[in-house]
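Below are the chains, spelled out letter by letter.
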Amino acid sequence: MSRFAARDKPLALLILALAAIGLLILIGPVLIVLLTSFTTSQALRFPPPGLTLRWYADLFDPARSAQIHVAAGNSLAVAACTAALSTALATGAALAISRSRATWARMAEGGFMAPLVLPGIAYGLATLMFFSWLRQPPSFGLLVAGHAMIATPFALRTIGASAAGLDPALLESSAILGASPWRTFRRVVLPLIMPGVAAGAFLAFVSSLDNVPVSLFLSSAETDMLPIRMWGMMETSLDVRVAAASGVLVAVAFLLLVVMDRAVGLVRRMAG
Amino acid sequence: MSERGAWRLALPLALAQLLFFLSPLLLLAATSLATDENLDTASLAAWRDVLGDSFHRQAVLNTLRLGALTVLATLLFAVPLALLHMVAGPALKRIILLAAVLPLLTSVVVRTFAWIVILGREGVINSTLLSTGLTSAPIPLLQTEPGLILALTQIEMPLMLLPLIASLGRIDPALLDASASLGASLFRTLRRVVLPMALPGLLAGATLVFASASTAFISQSVIGGGRLAYLPSLVWQQAMVVFNWPLAAALALTLMASVLAVAAALSAVGRKAAHV
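Procedures and definitions
Residues numbered from 1 in each chain as written. Chains lettered and ligands numbered in written order. Predicted model: local features only at pLDDT ≥ 70, side-chain atom pairs only at ≥ 80, totals over all residues. Helix = DSSP H or I, 4+ residues; strand = E, 2+ residues; numbered from the N terminus. Buried ≥ 20, exposed ≤ 12 C-beta atoms within 10 Å, placed from the backbone. Contact = placed C-beta atoms within 7 Å. Nonpolar A, V, L, I, M, F, W, Y, C, P; charged D, E, K, R; others polar. Expected span 1.5 Å × (residues − 1). Core = buried A, V, L, I, M, F, W, Y, C linked by C-beta atoms within 7 Å.

**Student:** What exactly am I supposed to notice about the overall build of chain A here?
**Tutor:** Helix and strand counts for chain A come out as twelve helices and zero strands. Helices (α) and strands (β) of chain A occur, in sequence order from the N terminus, as α-α-α-α-α-α-α-α-α-α-α-α. Seen along its three principal axes, the alpha-carbon backbone of chain A occupies a region of about 70 × 70 × 35 Å. The 272 residues of chain A split such that 49% are buried. Of all intrachain contacts in chain A linking residues separated by at least 6 positions in sequence, the fraction that spans at least 24 positions is 75%.

**Student:** Would you take a moment to explain the overall build of chain B for this structure?
**Tutor:** Tallying secondary structure elements over chain B gives twelve helices and zero strands in all. Taking the principal axes of its C-alpha atoms as reference, chain B extends roughly 70 × 70 × 35 Å. Residues classed as buried in chain B amount to 47% of the 276 residues present. Considering only residue pairs separated by 6 or more positions, chain B has 73% of its internal contacts joining residues 24 or more positions apart.

**Student:** I would appreciate a short explanation of the interface of chain A and chain B in the present structure.
**Tutor:** How big an interface is tends to be expressed through the accessible area that disappears when the partners come together. Contacts between the two partners involve 81 residues from chain A and, on the opposite side, 83 residues from chain B. Counting residues per element, the side of chain A that touches chain B draws most heavily on helix α1 (residues 9–36) of chain A, at 17 residues. The class makeup of the residues in the side of chain A that touches chain B is 64 nonpolar, ten polar and seven charged.

**Student:** I keep staring at helix α5 (residues 120–133) of chain A and nothing clicks. Help me out?
**Tutor:** Residues three or four positions apart in an α-helix share a direction because the helix packs 3.6 residues into each turn. In this model, α5(A) (14 residues) spans 20 Å end to end at C-alpha, consistent with the 20 Å of a helix rising 1.5 Å per residue. Taking burial as the measure, the 14 residues of α5(A) include twelve buried ones, the bulk of the element. All of the buried residues along α5(A) are A:Gly120, A:Ile121, A:Ala122, A:Tyr123, A:Gly124, A:Leu125, A:Ala126, A:Thr127, A:Leu128, A:Met129, A:Phe130 and A:Phe131. In this fold, the buried residues of α5(A) make contact with α6 (140–164) and α9 (213–218) of chain A together with α1 (11–32), α10 (217–222), α11 (231–241) and α12 (245–275) of chain B.

**Student:** Sorry, what's going on with the nonpolar core here?
**Tutor:** Most often, soluble globular proteins have nonpolar side chains that are buried together. Among the nonpolar cores identified, the biggest contains 174 residues, and A:Ala93, A:Ala122, A:Leu125, B:Val235 and B:Ala252 are the most heavily contacted of them. Every residue in contact with B:Val235, bar those within four places of it in the chain, is listed here: A:Ile121, A:Leu125, B:Ala248, B:Leu251, B:Ala252 and B:Leu255.

Structural data, given as structure tokens:
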């Protein structure tokens, strides 16, 4: 901000100071969780009195943390299915919207994005009421259906941006050369929109892994989900294993972020 | 893939949303107008209970207030960060973007847990205050509204920061130089050049933060607002503990209506500003 005169210094400094505090607020808690997960203390004291790996050993112990392992397995399985379903639904919708300039396409896009602003807790309760009205007991499939409704808008955003950049002339050339619509999709369209599809699948996966409002109402003893189990541990005992589990999740998020950013420019897509 | 047949590709998502998104919400509305979850008898009892009871009215106000204060708190830090991103070099730009995206990819439960460690009796803030002698006893931060707003500021900030960065990224830096060389102060440049361009991102961010903060069940229940009750925890209690489904449905719809009203108001502001 050097191009501004001396009278602007106080405001420029204030902006810089607030930005610095903002960065600290964003990153600080993540680092604090990581450090806490190595504490020797039974309590969540900060700074930790000493460092140890015992909470990670506890967390990975198959006998002592069996319930956490079951919940983590369920969460990963539901997230994988949700990502596949959301990506397929969003890719179709994104191609349809990008091929049309009609009003219906703009309206449909608005409708497809609606789950983003609807309070999750209201939708979670609605799914519970709907499935119990249909006499469907809580199940893996219903969790996937509920998660997918919330996750699809995230996938649609990145896939839609990729599909909007498709050159219609390429599709026409492919058709004129005798390719079937399916072949055109597989050989021309999909390779071109692949970065958007991969980013979208990743965001849908993360959205499902992180989902609380739907799991809160639809998970049961057999389909316990990781965020709900961790919430229970936080409410009751403040078990330090929550810190170790958080440490694992932070490390995985960071690794995936680096990999996805290298592969498909994820960070740029999320700010674009 | 002909132009005319392309709309069929949107059918699977449209049908899925109709079946698994719209139908549950319609059933939610129907349940709020019944005496119980079997939907045999119509009744306005649940709505009388929500709108006529001062405890429930207060919970609605608490929730709206929490959403509004979180929006303001995220703005306070996200606007300077987005401005810094606009003028920063590539390395700093990257750090700011990573700082915005990483929390978004870490579970809300993890971010909420971090704030327990920060706000607790032996947490980061209290041990700093005690060791510097600023206080003689730990001050309560968990189970207070300021503590919850502070936590939500971090938890929701990426939702404000990313749209703001996207909006400000469309500003031509030459515009800022032009404004400065014409003698405008930094404040005037921000107000007359940057703010109008930032407005769409700001309003989109405000809508997302408000919607997310007012429905943040885990943060609200674990970090808590002390004696303040918020709608999401009332919805959960009525649905899963008391099993009064019509009341739970009416409370959930009240939350939904509040969030949608705020989203509509913000989008009206955006449309009005676009015409000026």
